[in-house]
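Per-entry structural report
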Amino acid sequence: MTSELRFITRLADLRATAWDELAGAQPCLSHAYLSSLEESGAVGGDSGWSPHHATLWEGETLVAAMPLYEKQHSWGEYVFDWAWAQAYEQHGLTYYPKWLSAIPFTPVPGRRVLGASPMHRQNLVAALMQSIQSGGHESFHVLFPTREEAALLAGAGMMIREGVQFHWKNPGYDDFQGFLESLTREKRKKIRQERRKVRDAGIEFIWFSGDQIGEDLLDFFYQCYATTYAIRRSMPYLNKDFFARLHASMPDQTRLVVAHRGGTAIACAWFLQDDEALYGRYWGAMEDVSCLHFETCYYQAIEHAIRHGLKRFEGGAQGEHKLSRGLLSTPTCSAHWIREPRFANAIDDFLRRERHGVSLYLDELNERQPFRHSDGQ
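Residues numbered from 1 in each chain as written. Predicted model: local features only at pLDDT ≥ 70, side-chain atom pairs only at ≥ 80, totals over all residues. Heavy atoms only, no water.

What follows covers the nonpolar core. Core analysis: the largest hydrophobic core is formed by 50 residues, its most contacted members being Tyr33, Leu37, Phe221, Leu238, Phe243, Trp270 and Tyr282. Elements with a contribution of two residues or more to this core: α1 (16–23), α2 (31–39), β4 (61–66), α8 (215–231), α9 (240–249), β11 (254–261), β12 (264–273) and β13 (277–285). Looking at this core, the element that brings in the most residues is α8, giving eight residues. Those residues within four positions of Tyr33 in sequence are excluded, and the remaining contacts are Pro27, Cys28, Ile103, Thr106, Phe242, Leu246, Met250, Leu272 and Tyr282. Counting residues in each nonpolar core, the second largest holds 40 residues, with Phe166, Leu180, Ile266 and Leu278 among its members. (Core = buried A, V, L, I, M, F, W, Y, C linked by side-chain atoms within 4.5 Å. Buried < 20%, exposed > 50% of the residue type's maximum accessible area, 1.4 Å probe, protein only. Helix = DSSP H or I, 4+ residues; strand = E, 2+ residues; numbered from the N terminus. Contact = heavy atoms within 4.5 Å.)

Right under this line is the structure:
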């Protein structure tokens with residue numbers, strides 16, 4: 001059957017079940033998550049993120065899709081191409097707008113080329129590349145795809161860029177103490193010291209999910225989240241309406257952990273959860289307490305993952321400090337197409353050298369991993 005490529009500028013106009021059947025279980029890729037971004041105005045409007053989701057149809061049946069945005073800048077991406085844009089500008093060329101497939105403001109790796117079969121996914125990539133190459137935009141980028149998708153995109157003419165994140169993995173710990181016992185003596189001591197500082201400050205934690213999360217708790221979370229940005233003299237990417245919509249549409253996957261001292265809430269972190277993983281992204285505190293960030297965002301999350309039998313905890317982009325807290329280096333990748341041959345060749349050369357550097361960096365991180373060797377040290 002002949003297939004047709006269509007671009008969807010408002011995901012709410014597309015039947016949620018049709019999208020989710022292709023997207024699978026990952027929370028950040030769901031129709032509810034992406035629609036919440038659009039309906040709240042976090043993307044669209046003057047945000048610099050214009051939805052143009054690529055969809056492939058056989059008749060009126062959706063057979064493949066890709067989250068896709070026309071971008072006017074490079075904010076909120078976590079794979080940085082500012083230097084590429086600056087080089088374009090220095091040569092009198094225009095880098096923006098560009099095409100971007102990503103989960104806005106969220107560096108969660110996972111599927112980006114959604115399809116009912118490998119053939120449908122391949123057909124979508126071929127049709128989309130033909131459309132982009134015949135258009136006027138200078139570049140196309142796919143952030144944090146799977147390795148299988150990266151191979152598909154490379155076969156379609158895109159350049160692959162390597163990266164690193166830090167994820168915690170659960171081989172089947174019975175409790176947090178079991179996790180600690182798997183670490184080197186030095187790392188165990190450091191974590192216990194950090195947790196003791198928070199405990200000695202009189203701080204306790206309560207987890208909330210689903211209907212336990214009311215409007216007052218959402219208000220407190222957003223106050224903490226916005227305060228984190230205000231301290232850095234910047235504005236948050238996401239607005240309060242987004243989180244309210246997300247919780248309303250995905251209550252079973254929303255988790256909040258709140259830090260209390262003397263009955264008063266002082267910090268909060270927002271997570272999403274599916275059957276396999278906990279995804280940590282947003283947090284904030286109303287007071288500056290030593291080690292509170294590590295406890296709220298990492299140790300509480302690890303304890304929660306162990307308690308609920310989750311296979312991993314993804315703690316977001318960057319941060320070597322996560323390594324000493326039990327999160328391991330995890331390779332990630334992105335794919336890039338550049339129209340201008342001179343820049344494409346230069347970027348391709350840069351990426352080859354960068355890949356070598358990333359490989360050496362991963363080797364170094366693996367040598368520094370926090371877990372005990374077979375000799376117990």
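Okay, back to it.
With that settled, the discussion passes to unusual backbone geometry. Looking along the chain, the bond that leaves Tyr96 and enters Pro97 is cis, with omega of 0°. You can see Pro97 is positioned in the loop between α3 (82–90) and β6 (98–101). One non-glycine residue, Tyr78, lies in the positive phi region at around 70°. Note that Tyr78 resides in the loop between β5 (69–71) and α3. One non-glycine residue with positive phi stands out, namely Arg233, at about 60°. Inspection of the secondary structure puts Arg233 in the loop between α8 and α9. Given the relative accessible area of 81%, Arg233 is considered exposed.

This part takes up empty space enclosed by the protein. Tallied over the entire structure, the rule returns two cavities of 30 Å³ or more. In this structure, the largest cavity occupies an estimated 110 Å³ of space. Around the largest cavity sit 15 residues that line it, and Thr106, Val108, Tyr279, Gly280 and Arg281 are the ones nearest its centre. Elements with a contribution of two residues or more to the lining of the largest cavity: β12, β13 and β14 (312–317). In the lining of the largest cavity, the residues fall into ten nonpolar, three polar and two charged. Estimates place the volume of the second largest cavity at around 40 Å³. Together, Gly76, Glu77, Ala102, Ile103, Thr106, Arg112, Leu143 and Phe144 line the second largest cavity. When its residues are assigned to classes, the lining of the second largest cavity shows four nonpolar, two polar and two charged. (1 Å grid on protein atoms, 1.4 Å probe; cavity = no way out; pocket = protein on both sides within 12 Å on 5 of 7 lines; lining within 4 Å. Points joined across faces, edges and corners; volume = space filled by probe spheres on them. Nonpolar A, V, L, I, M, F, W, Y, C, P; charged D, E, K, R; others polar.)

For the rest of this paragraph, the subject is helix α11 (residues 341–367). Spanning 27 residues, α11 covers 39 Å between terminal C-alpha atoms, matching the ideal 39 Å at 1.5 Å per step. Taken as a whole, α11 has its buried residues at Phe343, Ala344, Ile347, Leu351, Val358, Leu362 and Leu365. Contact partners of the buried residues in α11: α3, β9 (159–169) and β15 (328–338). (Expected span 1.5 Å × (residues − 1).)

With that settled, consider the layout of surface pockets. The volume enclosed by the largest pocket comes to roughly 1000 Å³. Around the largest pocket, the lining is made up of 38 residues, and of these Thr228, Arg232, Arg281, Trp283 and His293 lie nearest the centre. Ranked by the residues each element gives to the lining of the largest pocket, the list is headed by β13, at six residues. In terms of residue class, the lining of the largest pocket is made up of 22 nonpolar, eleven polar and five charged. The volume enclosed by the second largest pocket comes to roughly 250 Å³.

Turning next to the sheet that holds β14. Each strand in a sheet pairs with another by means of backbone hydrogen bonds, the pair being arranged parallel or else antiparallel. What the eleven strands build is an open sheet, ordered β2-β5-β6-β8-β15-β9-β14-β13-β12-β11-β10; its pairing is mixed. The two strands at the open ends of the sheet, each matched to only one other strand, are β2 (49–51) and β10 (203–209). Each strand of the sheet is rotated relative to its neighbour by a mean of 30°, with strand direction disregarded. Bridge count for β9 against β15 is nine bridges, and the pairing is antiparallel. Its bridge partner being in β15, Met159 is matched across the sheet by His336. On top of the sheet, α9 reaches β11, β12 and β13; it is set at about 60° to β12, its chief contact. (Pairing = 2+ DSSP bridges. Axes fitted to C-alpha atoms, helices over the stretch in contact; angles between N-to-C directions.)

Attention shifts here to the sheet that holds strand β1 (residues 4–8). Pairing is antiparallel across the open sheet formed by four strands, whose spatial order is β1-β3-β4-β7. Both edges of this open sheet fall to β1 and β7 (114–115), since each of them pairs with a single strand only. Of the strand pairs in this sheet, β1 and strand β3 (residues 53–58) are connected by five bridges, and their pairing is antiparallel. Paired with Arg6 across the two strands is Thr55, which belongs to β3. Its contacts with the sheet place helix α4 (residues 118–133) against β1, β3, β4 and β7, and it is angled at close to 125° to β3.

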